[in-house]
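Chain by chain, the residues run as shown.
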Amino acid sequence: MTRRCREWLDRLSLYLDGELSEALCRELERHLAECPDCHVVFNTTRRTIELYRRYGRPAMPEEARARLFRILHLDDLRDLRVDL
Ligand SMILES: [Zn+2]
């Protein structure tokens, strides 16, 4: 990851919020097309934001939740629907 990458990553949220100028958007898109590192970060961030917007707080699958509570020895609390 180069210094240039870091500069773009700093602007990533602006871009995703649609607050980056048209010219900078084009430039960022060009960078993403040729930089696999930024491409991955960008896609992951965008997906996370999309899921968050669509579903609100990320829900934990019931099975993972049960496992977590077991590991933490919190089985008794499981039915309290503690917000994780
Ligand atoms: Zn990059």
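Just so it is clear, the structure is predicted and the values come from calculations on it, not from any experiment.

A short note on the overall build of the protein
Then comes step 1: Assigned secondary structure in the protein consists of 4 helices and 0 strands.
Then comes step 2: Element order for the protein, N to C, with α for helix and β for strand: α-α-α-α.
Then comes step 3: Across the 84 residues in the protein, those meeting the buried criterion constitute 4%.
Then comes step 4: In the protein, the share of contacts with a sequence separation of at least 24, taken over all contacts with a separation of at least 6, comes to 42%.

Quick word on the packing of helix H1 (residues 3-16) against helix H3 (residues 36-55)
Then comes step 1: Direction vectors running N to C along H1 and H3 enclose 25 degrees, while the axes themselves pass 11 Å from each other. Of the possible angle classes, the one that applies to H1 and H3 is roughly parallel. Relative to H3, H1 is oriented so that their crossing is right-handed. Across the interface between the two elements, Cys5, Trp8, Leu9, Leu12 and Leu16 from H1 touch Asp37, Cys38, Val41, Phe42, Thr45, Arg46 and Ile49 from H3.
Then comes step 2: Residue classes in the contact of H1 with H3 are distributed as 9 nonpolar, 1 polar and 2 charged.

Observations concerning helix H2 (residues 22-34)
Then comes step 1: For H2, built from 13 residues, the straight-helix expectation of 18 Å at 1.5 Å per residue is met to within 8% by its first-to-last C-alpha distance of 19 Å.
Then comes step 2: By the criterion of burial, H2 is predominantly exposed, with just 0 of the 13 residues buried.

Section: the confidence of the model for the protein
Then comes step 1: Mean pLDDT over the protein works out to 83, with 83% of the residues at or above the 70 mark.
Then comes step 2: Summarising per-element confidence for the protein, the mean pLDDT is lowest in helix H4 (residues 62-71) (81) and highest in H2 (94).

What counts and how
- Residues numbered from 1 in each chain as written.
- Predicted model: local features only at pLDDT ≥ 70, side-chain atom pairs only at ≥ 80, totals over all residues.
- Helix = DSSP H or I, 4+ residues; strand = E, 2+ residues; numbered from the N terminus.
- Buried ≥ 20, exposed ≤ 12 C-beta atoms within 10 Å, placed from the backbone.
- Contact = placed C-beta atoms within 7 Å.
- Axes fitted to C-alpha atoms, helices over the stretch in contact; angles between N-to-C directions.
- Parallel < 35°, antiparallel > 145°, perpendicular 65-115°, else oblique.
- Left-handed = near helix turned anticlockwise from the far one by under 90°.
- Nonpolar A, V, L, I, M, F, W, Y, C, P; charged D, E, K, R; others polar.
- Expected span 1.5 Å × (residues − 1).
- pLDDT = per-residue confidence, 0-100.

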